[in-house]
Amino acid sequence: MRLLALASRNLKETYRDPLALGFLLAFPLLFMVLFGAIFSGDTIPNYSIGVIDDDNTPLSQAFIDDALANVPILEVSSYDDTAAALKDLKLGELRAYIVIPGGFGEQVFQNWQGKETNIILDMTYDESDITASEQITSAINAVTRSFAHIEIPVTINANPIHIETEITYIDFIAPGIIIFGLLILIPTSARIMVSDKEKGFLSRLLTTPARPLDFISGYSLCLVAIAIAQIIIFIAAAWGFGMDIVGSLWLAFLIFLLTGLCSIGIGMVVASLSKSENQAEPLCWLFSMPLAMLSGCWFSVEMLPSYLRNVAYAFPFAHAIDASRAILIRGVGLEAISNDLLFLVGWAVGIFAVGVILFRRSMRG
């Protein structure tokens, strides 16, 4: 009887908290919807490539306008020379660029006449995303064969952009895993704050001369220290597993720190809106896990449908992953990731300010 009474009491506490119960039931449903949106149907990635036309014939222009431009996964831009295309490739604006050599139109015409010729294209690609380079090469090969009416594979002289080390899977996945670790700061920060609020600790502190801003600053400094420790541990672990650090470690550390501040700010907002830990924790995971999936922690964002990519880039974490991968893998500098950095700074300042205002109001209430 005692067992049944205790079970009945716990069950009543659960259904009397409709917000927590709703998240408990909606969480797996959200994941089903999210996985379904990502992996069901025809998910078409989108890769930006540049084209330099050294042939300058009607056939080469038709190849660009009628063949390459109609490949669903390619977004084609024309360049006058390889120097400009290479600059954009290194800055991350392009995933690859191809050079159509002189004589291309004549070779295609001969194939149309039944005379087999070997068509050669030069392609330079960004090897930091292993999957993307393979898909781009395959797509260009297939569309060129179809345009030239040939069965044999086209010769593509593929050249990766020059970097200091060979890209491995751990190099690609490690920045995403570090960002995922920092996303865990969302439930961590919310749980610490809500726990003190639920136990009445904050109410007792409000009877002292200390101001609400003092409490918020104390929580923030503690959580920032935790974030710094996490970043150091995560980077050391990734390096121990073989991740090569090509670019500035300090610049990458700044990106990760701003990401941690965004997570703390989101956690503070959740803590302000939650009355109990039972509400706060599922709400935090409702934010952090979908954001980890959408931001490309485990796979490239280009694999998402276009509308989900727009959602991903509305939050800071996809920008953080792109910037940290560019720094650690390609060795780019501040110029290449300046837009992502400014977005992170704006998000961190904005969400932290909102979190502070809401949390101060909830303490006074």
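The following paragraphs examine the structure supplied in this document. Quick caveat: nothing in here was measured; it's all calculated off a predicted structure.

Criteria and thresholds
Residues numbered from 1 in each chain as written. Predicted model: local features only at pLDDT ≥ 70, side-chain atom pairs only at ≥ 80, totals over all residues. Heavy atoms only, no water. Helix = DSSP H or I, 4+ residues; strand = E, 2+ residues; numbered from the N terminus. Contact = heavy atoms within 4.5 Å. Areas by Shrake-Rupley, 256 points an atom, 1.4 Å probe, with all protein chains shown as cover. Buried < 20%, exposed > 50% of the residue type's maximum accessible area, 1.4 Å probe, protein only. Pairing = 2+ DSSP bridges. Axes fitted to C-alpha atoms, helices over the stretch in contact; angles between N-to-C directions. Parallel < 35°, antiparallel > 145°, perpendicular 65-115°, else oblique. Left-handed = near helix turned anticlockwise from the far one by under 90°. Nonpolar A, V, L, I, M, F, W, Y, C, P; charged D, E, K, R; others polar. Core = buried A, V, L, I, M, F, W, Y, C linked by side-chain atoms within 4.5 Å. Phe/Tyr/Trp six-rings, centres within 6.5 Å; stacked < 30°, edge-to-face > 60°.

**So, the overall build of the protein chain**
- Helices and strands together make up the secondary structure of the protein chain, namely 15 helices and five strands.
- For the protein chain, long-range pairs separated by at least 24 residues make up 80% of all intrachain contacts whose partners lie at least 6 apart in sequence.
- As displayed, the protein chain offers around 18000 Å² of accessible surface, 62% of which is attributable to carbon and sulfur atoms.

**Topic: the pairing of strand β3 (residues 96-100)**
- Burial analysis of β3 places five of its five residues in the buried class, which makes it a mostly covered element.
- With burial as the criterion, each face of β3 is covered, one bearing Ala96, Ile98 and Ile100 and the other bearing Tyr97 and Val99.
- One ladder, built from five bridges, connects strand β1 (residues 47-53) with β3; its direction is parallel. For Asp53, the partnering residue across the bridge sits in β3 and is Ile100.
- Both β3 and strand β4 (residues 120-125) contribute to a ladder of four bridges, which runs antiparallel. Looking at the pairing, Ala96 lines up with Tyr125 of β4.

**A look at the packing of helix α11 (residues 249-273) against helix α14 (residues 316-330)**
- Between α11 and α14, the least distance of the axes is 9 Å, while the angle of their chain directions is 165°. By the angle between their axes, α11 is roughly antiparallel relative to α14. Every pair of crossing elements has a handedness; the one defined by α11 and α14 is left-handed. Contacts from Leu251, Ala252, Ile255, Phe256, Thr259, Cys262, Ser263 and Ile266 in α11 reach Pro316, Phe317, Ala320, Ala323, Ser324, Ile327 and Leu328 in α14.
- Of the residues contributing to the contact of α11 with α14, the split by class is twelve nonpolar, three polar and no charged.

**A closer look at the environment of Cys284**
- As for its position among the elements, Cys284 is in helix α12 (residues 277-294).
- In this view, Cys284 contacts Ile186, Pro187, Ala190 and Val270; residues no more than four positions away in its chain are not counted.

**Looking at the nonpolar core**
- The biggest cluster of nonpolar side chains holds 52 residues, and the ones touching the most others in it are Ile255, Phe256 and Ile337.
- Top contributing element to this core by residue count: α11, with 13 residues.
- If we skip the residues at most four places from it in the chain, Ile337 touches Leu251, Ile255, Ala323, Ala326, Ile327 and Val332.
- Core analysis: the second largest hydrophobic core is formed by 26 residues, Leu68, Met123, Tyr125 and Ile140 among them.

**Remarks on the packing of aromatic side chains**
- For the structure on display, the rule yields three aromatic pairs.
- A centroid spacing of 5.0 Å and a plane angle of 45° characterise the contact between Phe63 and Phe104, whose relative ring orientation is tilted. Residue Phe63 is located in helix α3 (residues 58-67), and its partner Phe104 is located in helix α5 (residues 104-112); the two are separated by 41 residues in the primary sequence. Grouping residues by exposure puts Phe63 and Phe104 together as buried.
- An angle of 45° between the planes, with centres 5.8 Å apart, marks the rings of Phe315 and Trp347 as tilted. With Phe315 in the loop between α13 (306-312) and α14 and Trp347 in helix α15 (residues 338-364), this residue pair connects regions lying 32 residues apart in the sequence.

Spatial relationships are all this shows, so hold off on functional conclusions.
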